[in-house]
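# Topology and contacts: notes
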Amino acid sequence: MGILRTLTAAAIGAALVNWIAQEKRERGSLSGVTRWLDADDEPEAVGVSGFKLESREVQAGGTIDARFEFNGFDCSGDNKSPALDWTGAPEGTQSFALTLYDPDAPTGSGWWHWVVIDIPGHVSGLNADAGAADGSLLAPGARQLRNDYGQAGYGGVCPPRGDRPHRYVFTLYALKVPKLEIPDDATPALAGFMIHSNLLGQASFTARYGRPKQ
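Residues numbered from 1 in each chain as written. Predicted model: local features only at pLDDT ≥ 70, side-chain atom pairs only at ≥ 80, totals over all residues. Heavy atoms only, no water.

## Structural notes on the environment of F205
Along the chain, F205 turns up in strand 11 (residues 199–209). Along the sequence, F205 and K52 sit 153 residues apart, while their C-alpha atoms lie 8.9 Å from each other. (Helix = DSSP H or I, 4+ residues; strand = E, 2+ residues; numbered from the N terminus.)

## Description of the environment of V58
Tracing the chain through its elements places V58 in the loop between strand 2 (52–54) and strand 3 (71–72). Taking relative accessible area as the criterion, V58 reaches 3% and is therefore assigned buried. Taking the C-alpha atoms as reference points, V58 and L84, separated by 26 residues in sequence, lie 8.7 Å from one another. Leaving out residues up to four positions away in the same chain, V58 has contacts with I64, F68, P82, F170, F205 and A207. (Buried < 20%, exposed > 50% of the residue type's maximum accessible area, 1.4 Å probe, protein only. Contact = heavy atoms within 4.5 Å.)

## Let's talk about the side chain of E69
Mapped onto the elements of the fold, E69 is located in the loop between strand 2 and strand 3. At 4.7 Å, R211 is the nearest oppositely charged side chain to E69, a buried residue that forms no salt bridge. A polar atom in the side chain of E69 sits 2.8 Å from the backbone nitrogen of S76. Not counting residues within four places of it along the chain, the set of residues in contact with E69 comprises C75, S76, G77, D78, N79, G156, V157, Y209 and R211. (Lys, Arg positive; Asp, Glu negative; His and termini not counted. Salt bridge = Lys/Arg side-chain N within 4 Å of Asp/Glu carboxyl O. Polar contact = N/O pair within 3.5 Å; in protein donor to acceptor, adjacent residues only side chain to side chain.)

## Focus: the packing of aromatic side chains
With the rule as written, the count across this model stands at eight aromatic pairs. With a centroid separation of 5.2 Å and 65 degrees between ring planes, the pair formed by W111 and Y149 is classed as edge-to-face. Highlighted residues: W111 in strand 7 (residues 111–120) and Y149 in the loop between strand 9 (143–144) and strand 10 (166–175), separated in sequence by 38 residues. Grouping residues by exposure puts W111 and Y149 together as buried. (Phe/Tyr/Trp six-rings, centres within 6.5 Å; stacked < 30°, edge-to-face > 60°.)

Right, dumping it as structure tokens:
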């Protein structure tokens, strides 16, 4: 089993190296990778005009409401995900993936709060609380991977008390495949690799949330 895991990790690593090399050849830079991590971007599309992600409940550039806070880890919110809508998906989109990421979490690698994959290509939004662990409010076929709390589904915002308000980046990815061939317990990193291997375009917005020091 240890040998198998080593070989699998090596295969993924080799594929990642090849993909980065291809990105450099085709684009002359790694702008796609940079945009995956850049938390200061305003709502935008990568390579697709008019592709837009927005929320009726979280304003781009604004402050996230306390009801979207995690319940646990010294946080006491409702742990409910906000409603999201999108328009202008690129031609050829067969599915979407959605992530919510905090690049300011004091972990050295940020914090993945929500990863949804295999959202059917005809879908144009997610209802409020679609991130519930049972997935009952998601479109048929969509899957939620484990977040960095170790749970499947939405894990609410929960920055340390007294920190400067953290940035929370909502990103929607339009993909050229109907589903990602990864297991339900895949890490956000593996999901990210597969997302970028099948990416047609992306749109994102950033909002902030902080908690006062006691």
